[in-house]
Amino acid sequence: MKYIVKRLLGTIPIVLGVSLLLYIMLNIVPGDPVALMMGEHVNADTIERVRARMHLDDPLLVRFSKYVLDALKGDLGYSYKLKREVSTLIWQAFPNTAILAVAGAMVSWIIGIPAGVISAVRKNSAVDYGVMTFALIGVSMPVFWSGLLFQYFFGLKLKWLPISGFDGLNIKYIIMPAIVLGWSSAATIARLTRSSLLEVMSADYIRTAREKGLLRYQVVMRHALKNAFLPVLTVMTIQIASLLSGAVITETIFGIPGIGRIAVSAIQTRDMPLLQGSVMFTTILIILGNLVADILYGFLDPRIKYN
Amino acid sequence: MIQKTQFFKEIALESKLGRLTPFGFGRKRLKYMMSVEATEAGKNSDLDASKDSKSSKSSKTSKSSKMPSSEQPPRDAEDLVTDEGFWQALFKSIYRDKKALVGLIMVSLFILIALFAPWIVPHDPYAVDMEKVLTAPNKAYVIGTDFLGRDILSRIIYGARISLMIGLVPTLISLAIGTFLGMVSGYFGGKVDYVIMRLADVCMAFPSLLLAMVVMYTLGASLFNIFIALSIVNWGSTSRIVRAQTLSIKEKEFVEAARSIGVGRFKILWRHILPNCIPSLIVLFTLSVPEAIMSEASLSFLGVGAQPPTPSWGLMISRGKEFLFSSPWVAITPGIAIFLVVIAFNFIGDGLRDALDPYTKH
């Protein structure tokens, strides 16, 4: 319990540091945001007034602390281009990204864990080499490229699935992006499951179980997997990061209105508050994910004692 | 006692010689060291010196040879990896690991293609020919032309140059930054350590693609800015690993010895700590190169990286995806190039990690 509080407190400076770094990077951009927002035909007076209203002439740190205080109240500023609250835009987009990320994670578990178990049980066999090479191929394929391949074969040639678009929980639209997104994570999970299962399998209690006359698959299923899962679990939460940043590309390819696409379009239209809000939101989500992972890990593995 | 003095002498000698490279235990240097030692021995008529040089020679050139333990100077396991035998072992392990060998061949091919691009391209990669727009693959244009009638094969070959540069330069820079900060952080400790590590925490909290996107927003989208973005985004994990190694190495006797004879702190970092971090750095490097190539391709694909008409692979896919359904070769083929290069580096990285990295060894 003490650990949890300590860990929570330790997260605060990181979150602050992340937002400060982001804020500085985005606010030293040359160019006047007011001019950008209002177009070309405004007189100097109006610009002056808007600048004052947006507190653009205050020192950077003053503006930053104001931004943080507003952000705590759920106000992330006002989009230059879309003329709407950034927080509203993000809350509208978030469920879509969440659906995609969860689906991607499920794909990666469904493929990754069995693949890892099989190759660990059949260590150094042709199956093992096959699975591991396949995993390496999965890691090496650029997400945007495999996405296009899927679109071409399953969307255009075989006509199994819609090529792009999004429709809430309609599974048809989710399958392809989820597979594309989960693929590389699946490879990572497979490799990790394999190595951690191999490590557990060499432990004494596994040998005892085998010598008691238990069948090989019983030992793997009942005794080994439970302990081999711990490191895999950590990776699953670290996965949040790769899933969310992979979602940037997947959403762009498949036209899913999620946070990643907001960020990309914000860069293209030079919409600073929107970019700042979406990146900040994603990053904090990832930090919280890691926090949960750490705490969960402590609960599940009683051997770990935090001081 | 003799062992200890011999050991101190060796270290004192090392810090006297100004020409140490990071891989300073190679054969050439050993010869040089021995010649210096021999002349010194002659001058001082020190009887022990020649014997010492013999024993140090045999312990260095053949680490597997079994010597009487009393004569063997106290050498640490980490010290041995910077030995001559280290590179031999490295290449041997690559040679034995078929996957790594295949990767090495593919990477060499990729580097050759990138170097000799101007001489092997069948067409000018920038030449627009509106009469041959989106030609399907044929004899003259082996993998067809794009939406401006440019030969895709030539563009892919030129793209290899960009990918090679992106793979090597920012990776080396960010490794250098990470190594320096990691060593300083681990060796100096205290407030310096705290500040650097918190900075690393903050940098690592960002997903690197998003951070690179933000940097690109600040700097503006161009190929050169990708170099900068990728150089400053990924140093965090390197610094963590190097810091951990520095912490363990700095407790070793040879560092203590160097410190006790008054070698400067940065000299110790450069001469004693850095060489012992090299194995991990090599693994990190080979695993970071494909990441950098992939990042560049992703950024360019999203339109925040290289700008047209640069023949960047990511950009080619991005522009080609509009014609995916009518002329799929435009978008698909550059992806094959990315895939092959990335998997080649991953093959090598995997092999090296198994061979070198003490942390993942089973």
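Residue numbers restart at each chain and count upward from 1, following the sequence in its written direction. Here every chain gets a letter starting at A, and every ligand a number starting at 1, in the order they are written. Since the coordinates come from a predicted model, pLDDT governs what is reported: local features require at least 70, and pairs of side-chain atoms require 80 or more to be given and counted, while whole-chain, interface and lining totals use all residues.

## Looking at the overall build of chain B
Inference 1: Here a helix means four or more residues in a row that DSSP labels H or I, a strand means two or more in a row labelled E, and each is numbered from the N terminus. Of the regular secondary structure elements, chain B holds 16 helices and zero strands.
Inference 2: Expressed as a percentage of the 362 residues in chain B, the buried residues total 44%.
Inference 3: Residue pairs are scored as contacts if the distance between their C-beta atoms, which are placed from the backbone, is within 7 Å. Sequence separation of at least 24 residues holds for 69% of the intrachain contacts in chain B that already meet a minimum separation of 6. Backbone-placed C-beta atoms define the burial measure: a residue is buried with 20 or more other C-beta atoms within 10 Å of its own, exposed with 12 or fewer, and partly exposed in between.

## Quick notes on the overall build of chain A
Inference 1: For chain A, the helix and strand inventory stands at twelve helices and zero strands.
Inference 2: The order of helices and strands in chain A, counted from the N terminus, is α-α-α-α-α-α-α-α-α-α-α-α.
Inference 3: Each of the three principal axes of chain A carries a C-alpha extent, and together these read 85 × 60 × 30 Å.
Inference 4: A sequence separation of at least 24 residues applies to 72% of the contacts in chain A between residues at least 6 apart.

## Some details on unusual backbone geometry
Where the residue is not glycine, phi is negative for most of them; where a peptide bond is considered, it is trans in most cases.
Inference 1: Along the chain, Pro308(B) connects to Pro309(B) via a cis peptide bond; the corresponding omega equals 5 degrees.
Inference 2: Turning to its location among the elements, Pro309(B) is positioned in the loop between helix 14 (265–301) and helix 15 (313–320).
Inference 3: A positive phi angle, near 50 degrees, is found at Arg270(A), a position not held by glycine.
Inference 4: Position of Arg270(A) relative to the elements: it lies in the loop between helix 11 (259–268) and helix 12 (272–300).
Inference 5: Overall, Arg270(A) belongs to the partly exposed group, with 17 C-beta atoms counted inside 10 Å.

## Side note on the interface of chain B and chain A
Often, the extent of an interface is quoted as the loss of accessible area upon association of its parts.
Inference 1: Taken together, the contact between chain B and chain A spans 35 residues of the former and 39 residues of the latter.
Inference 2: Breaking the side of chain B that touches chain A down by element, the ones donating at least two residues are helix 9 (190–205), helix 10 (208–219), helix 14 and helix 16 (329–356) of chain B.
Inference 3: The greatest single-element share of the side of chain B that touches chain A, amounting to nine residues, is contributed by helix 16 of chain B.
Inference 4: Of the residues in the side of chain B that touches chain A, the class split is 26 nonpolar, five polar and four charged. Here the term charged refers only to Asp, Glu, Lys and Arg, the term nonpolar to Ala, Val, Leu, Ile, Met, Phe, Trp, Tyr, Cys and Pro, and the term polar to all other amino acids, Gly among them.

## Details of the packing of helix 5 (residues 86–121) of chain A against helix 11 of chain A
Residues and elements named next belong to chain A.
Inference 1: Running from N to C, helix 5 and helix 11 point in directions that differ by 130 degrees, and their axes come no closer than 7 Å. Here helix 11 runs oblique to helix 5, going by the angle between their axes. When helix 5 is examined against helix 11, the residues Leu89, Ile90, Ala93, Phe94 and Thr97 are found in contact with a partner set consisting of Ile259, Gly260 and Ile262.
Inference 2: For the contact of helix 5 with helix 11, a count of residues per class yields six nonpolar, two polar and no charged. Angular values range over 0 to 180 degrees, each being the angle between N-to-C directions of two axes fitted as lines to C-alpha atoms, with helices fitted over their stretch in contact. Between 65 and 115 degrees an angle is taken as roughly perpendicular, under 35 as roughly parallel, over 145 as roughly antiparallel, and anywhere else as oblique.

## Quick look at helix 10 of chain B
Inference 1: Every helix has an expected span of 1.5 Å times one less than the residues it contains. Taking 1.5 Å of rise per residue, twelve residues should cover 16 Å, and helix 10 of chain B covers 16 Å from first to last C-alpha, within 8% of that figure.
Inference 2: Considered for burial, the residues of helix 10 of chain B that qualify are Ser208(B), Leu209(B), Leu210(B), Leu211(B), Ala212(B), Met213(B), Val214(B), Val215(B), Met216(B) and Tyr217(B).
Inference 3: Where helix 10 of chain B is buried, its residues touch helix 1 (2–27), helix 10 (216–254), helix 11 and helix 12 of chain A together with helix 11 (223–233) and helix 14 of chain B.
Inference 4: In the segment just after helix 10 of chain B, Gly220(B) is the residue with positive phi, at about 95 degrees.

## Describing the environment of Met236(A)
Inference 1: Along the polypeptide, Met236(A) turns up in helix 10.
Inference 2: Using a count of 23 C-beta atoms within 10 Å as the deciding quantity, one classes Met236(A) as buried.

## Let's talk about the nonpolar core
Inference 1: Leu100(A), Ala263(A), Ala212(B), Met213(B) and Ile293(B) are the most contacted members of the largest nonpolar core, which has 157 residues in total.
Inference 2: Sorting elements by how many residues they give to this core places helix 8 (residues 171–201) of chain A first, with 16 residues.
Inference 3: In this structure Met213(B) touches Ala263(A), Ile267(A), Leu299(B) and Val304(B), once residues within four positions along its chain are discounted. Each nonpolar core reported here comprises buried Ala, Val, Leu, Ile, Met, Phe, Trp, Tyr and Cys residues connected via C-beta atoms within 7 Å.

## Some details on the environment of Lys98(B)
Inference 1: Inspection of the secondary structure puts Lys98(B) in helix 6 (residues 98–115).
Inference 2: C-alpha of Lys98(B) to C-alpha of Trp119(B): the two residues are 21 residues apart in sequence and 31 Å apart in space.

## Notes on the confidence of the model for chain B
All names here are of chain B.
Inference 1: In predicted models, pLDDT denotes the confidence assigned by the predictor to each residue on a 0 to 100 scale. With 74% of its residues at a pLDDT of 70 or more, chain B shows a mean pLDDT of 74.
Inference 2: The weakest mean pLDDT in chain B belongs to helix 3 (residues 47–61) at 39; the strongest belongs to helix 8 (residues 152–188) at 90.
Inference 3: Within the model, pLDDT remains below 50 along residues 1–83, and this stretch shows 81 contacts once partners closer than five positions in the same chain are excluded.
Inference 4: Reported confidence for the predicted complex is 0.82 by ipTM and 0.76 by pTM.

## Regarding the environment of Met201(A)
Residues and elements named next belong to chain A.
Inference 1: Position of methionine 201 relative to the elements: it lies in helix 8.
Inference 2: Separated by 93 residues in sequence, methionine 201 and aspartate 294 have C-alpha atoms that sit 25 Å apart.
Inference 3: Excluding residues that lie within four positions of it along the chain, methionine 201 makes contacts with Ile206 and Ala224.

## Looking at the packing of helix 8 of chain B against helix 11 of chain B
Residue and element names in this part refer to chain B.
Inference 1: Viewed as axis vectors pointing N to C, helix 8 and helix 11 meet at an angle of 35 degrees, and their least axial separation amounts to 8 Å. The handedness of the crossing between helix 8 and helix 11 is right-handed. For the pair formed by helix 8 and helix 11, the contact residues are Ile162, Ile166, Val169, Pro170, Ile173 and Ser174 on the first element and Leu223, Ile226, Phe227, Leu230, Ser231 and Ile232 on the second.
Inference 2: Class assignment of the residues belonging to the contact of helix 8 with helix 11 gives a composition of ten nonpolar, two polar and no charged. Each crossing is labelled by how the near helix is turned from the far one, with a counterclockwise turn of less than a right angle marking it left-handed and a clockwise turn marking it right-handed.

## Some thoughts on the confidence of the model for chain A
Inference 1: For chain A, per-residue confidence averages 79 on the pLDDT scale, and residues scoring 70 or more make up 92% of the total.
Inference 2: Per-element averaging of pLDDT across chain A places helix 2 (residues 33–38) of chain A at the bottom with 65 and helix 11 of chain A at the top with 87.

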